[in-house]
Every structure is written in structure tokens, then in C-alpha cells.
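# Survey of secondary and tertiary structure
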Amino acid sequence: EILKPDTNLLPSFTVAHIGSPLIRSQLPGHHPCPNIKSRDTLVLFESAVTRAVNEGANAIVVTGSVLSAPPPLRACDANYYYRLPKEPAFSEALADYCCVKLILESSGLPYAVTPGGEDCIDAFEQIFGLGPTVQTCVGKPGGVSPPRRPPSPPSA
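Computed from a prediction, not measured in an experiment: that's the story for all the values here.

Moving on to the nonpolar core. With 31 residues, the main nonpolar core has Phe-45, Ile-60, Tyr-97 and Leu-104 as its most contacted residues. Listed by contribution, the elements that provide at least two residues to this core are β1 (15-19), α1 (41-54), β2 (59-63), α2 (89-106), β3 (111-114) and α3 (121-128). Non-local contacts of Leu-104, meaning those with residues more than four positions away in its chain, are made with Phe-45, Val-49, Ile-60, Val-62, Leu-109, Tyr-111 and Val-113.

As C-alpha cells, then:
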């Protein structure tokens, strides 16, 4: 359920947060934990974005791990402990990130995405970049300006 602030106190601005979807749509295999249905999570992710739009969210924030990338693609395998080839899994990770980006863009809402420990940082960077990912909503049509803070008193 998306919680909304009391609109009598402040202008309403709702952010939908989707945390660690752990997607493996194009990537091979499954998440090591059998309770995580990584083959189904792209459909669930799309449903969550649709629900956010339908319930009036003003923005979407996705925090990683966005994908459940196998160890050869993760930063934790920087020393190539697993000694497995990056391809074709790297291309499949790119395809999964492209699906995530397409779903977010089709929502029409501003969004931010951050990677997590199971993400393939190289593929994430190609699709989302690693610079600041927050898009400013203030001043856009339909956007809400945050309340201004009173100036701090001068220090003595």
C-alpha cells in the first residue's frame, strides 16, 4: 500500500519505492535462494510500476539489487574467483536492464535507480549510468515544490 501524507499539512508528493526486485528474465539460471522467484520478477516489477502509476505516485525509486546477476558479473568476483566467462551473460544482463528501463520510461514518471550487491555494475552503468540518477521534479508541470526552510540564524 502506498502511504500518502496528510495533504492538509503539506502538498502531497508520493514516491513509490521498489526494493531489490532481483530480476533474471534474460539472464540464465535462478537466484540461489529458492524462495526468490527471479524468473517471475520482471512481470511483478511491471505490475508494481503500473500500480504506482494507478495509485497516483509522483515518482518511482528502484533500489538494488535490480538484477540477480550470476557471480562472474558481480563486483564481488573482481578477482575472477569463479573463472567463468562473462559472455553471453553480460549481453543478457544488458537486455534485462533495458527491460527495466523501458518499463520505467513507459510509466511517464520521473524515476531513480540505484544498483545493489547482486547487480552487474558494468551493464548497469551502460544502461542507467553511475552519476546522479535523481531527476528533479520541482518546477515541472504537475510537480510539487517542497516547503522552504527558514534561513538559519547567523553564527556568532
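This structure, assessed with the given rule, holds three aromatic pairs. When the centroid spacing of 5.7 Å and the interplanar angle of 90° are considered together, the rings of Tyr-97 and Phe-124 count as edge-to-face. Taken together, the residues Tyr-97 in helix α2 and Phe-124 in helix α3 connect sequence positions 27 residues apart. Considered together, Tyr-97 and Phe-124 belong to a single accessibility category, that of buried residues.

Because side chains alternate across β1, one face comprises the buried residues Ala-16 and Ile-18, and the other comprises Val-15, His-17 and Gly-19, none of which is buried. Bridging between β1 and β2 involves five bridges; their strand directions are parallel. Looking at the pairing, Ala-16 lines up with Ile-60 of β2. Note that the unit made of β1, α1 and β2 has a crossover that is right-handed.

Turning our eyes to something else, we now look at α3. Taken together, the buried positions of α3 are occupied by Ala-123, Phe-124, Ile-127 and Phe-128. Looking down the long axis of α3, one finds its buried residues gathered within 105° of arc, a one-sided arrangement. Here the buried face of α3 lies against α2 and β3. A positive backbone phi angle near 75° is found at Gly-129, which sits one or two residues after α3.

Any two packed helices are characterised by the angle at which their axes cross and by the distance between the axes. Viewed as axis vectors pointing N to C, α1 and α2 meet at an angle of 15°, and their least axial separation amounts to 10 Å. Between α1 and α2, the angle falls in the class roughly parallel. Crossing of α1 against α2: the hand is right-handed. Residues Leu-42, Phe-45, Glu-46 and Val-49 of α1 pack against Cys-99, Val-100, Ile-103 and Leu-104 of α2. The residue makeup of the contact of α1 with α2, split by class, is seven nonpolar, no polar and one charged.

Across the protein chain, pLDDT averages 79, with 70% of residues at or above 70. Contacts of residues 133-150 to residues separated by more than four positions or lying in other chains number 22 contacts, the stretch itself having pLDDT below 50.

Below, the discussion takes up the pattern of salt bridges. In total, this model carries one salt bridge according to the counting rule given. A salt bridge links Arg-51 to Glu-55, with the nearest nitrogen and oxygen atoms 2.6 Å apart. Judged by its relative accessible area of 44%, Arg-51 falls in the partly exposed class.

Turning to the sheet that holds β1, a few remarks are in order. With parallel pairing, the three strands of this open sheet are ordered in space as β1-β2-β3. A single partner strand is all that each edge strand has here, and the edge strands are β1 and β3. On average, each strand axis in the sheet is inclined to that of its neighbour by 10°, with strand direction left out of account. As paired elements, β2 and β3 share four bridges and run parallel to each other. Bridge pairing in β3 places Val-61 opposite Ala-112. Strands β1 and β2 of the sheet are contacted by α1, whose axis makes an angle of about 170° with β1.

Conventions we followed
Residues numbered from 1 in each chain as written. Predicted model: local features only at pLDDT ≥ 70, side-chain atom pairs only at ≥ 80, totals over all residues. Heavy atoms only, no water. Core = buried A, V, L, I, M, F, W, Y, C linked by side-chain atoms within 4.5 Å. Buried < 20%, exposed > 50% of the residue type's maximum accessible area, 1.4 Å probe, protein only. Helix = DSSP H or I, 4+ residues; strand = E, 2+ residues; numbered from the N terminus. Contact = heavy atoms within 4.5 Å. Phe/Tyr/Trp six-rings, centres within 6.5 Å; stacked < 30°, edge-to-face > 60°. Pairing = 2+ DSSP bridges. Right-handed = clockwise from strand over helix to strand, strands pointing away. Arc of directions from axis to C-beta. Axes fitted to C-alpha atoms, helices over the stretch in contact; angles between N-to-C directions. Parallel < 35°, antiparallel > 145°, perpendicular 65-115°, else oblique. Left-handed = near helix turned anticlockwise from the far one by under 90°. Nonpolar A, V, L, I, M, F, W, Y, C, P; charged D, E, K, R; others polar. pLDDT = per-residue confidence, 0-100. Salt bridge = Lys/Arg side-chain N within 4 Å of Asp/Glu carboxyl O.

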